[in-house]
Structures are given as C-alpha cells and as structure tokens.
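# A closer look at the structure
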Amino acid sequence: MDVVDRLSAMIAKIGQKLPSVKGILQRPNGEWLVRLDDLDVVLELDEKTRRMMVSVELSTLSELSEAAVLTHLLQYSFLWRETG
C-alpha cells in the first residue's frame, strides 16, 4: 500500500468519527476536499517533503468565522515549519 492509499484510509476513518465532517472527496494526486459545516478544507500531500498541507479558499469564509479560521491556519503553518 502506498502513501496515498494509507492516507486515504486514515482520512476516511478519522472523518467518520468527526460529526463536523459532512463529506470527504478524494481528488487525484494526493489531494482531499473535506467538507465541514461552513467551510471546505483541502488536504494536499507534498510527496517530495512527505508533508500534508492544509488550505482553505478564503473567499468562502463568512466574516464571523474568518478570524478563527485564519488563526488556526497560522497556528498549523507555524507547527508545520517548526516540527519538520
């Protein structure tokens, strides 16, 4: 089983356990779209560095959730860089 298959199984298993996850769509090339109540999150595998990147399209955020989502993305980005 390759890395993408293992990640797909893991993402599906975890997604089933989280009530806020409304659906998961696997895209080609190690990318997944995770639909939450009010937000779509993209998970993307960078095979060169073997890291998972998380992103959201900022234009889809409501003003109420924008600050919280941006804070979480910045925290994730910091941890991603610091932990290698």
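Read on for an overview of the structure. All of these numbers come straight from a predicted model, not from anything done at the bench.

### Notes on unusual backbone geometry
The phi torsion at N29 lies on the positive side, around 65°, for a residue other than glycine. In this structure, N29 sits in the loop between β1 (21-27) and β2 (31-36). Overall, the relative accessible area of 73% leaves N29 in the exposed class. Phi is positive for R50, close to 55°, though the residue is something other than glycine. With respect to the element layout, R50 can be found in the loop between β3 (40-46) and β4 (51-56). Looking at R50, the relative accessible area reads 58%, which means it is exposed.

### Re the environment of G30
The topology assignment puts G30 in the loop between β1 and β2. Given a relative accessible area of 4%, G30 falls into the buried group. Separated by 13 residues in the primary sequence, G30 and L43 have C-alpha atoms spaced 8.2 Å apart.

Scoring rules and cut-offs
- Residues numbered from 1 in each chain as written.
- Predicted model: local features only at pLDDT ≥ 70, side-chain atom pairs only at ≥ 80, totals over all residues.
- Heavy atoms only, no water.
- Helix = DSSP H or I, 4+ residues; strand = E, 2+ residues; numbered from the N terminus.
- Buried < 20%, exposed > 50% of the residue type's maximum accessible area, 1.4 Å probe, protein only.

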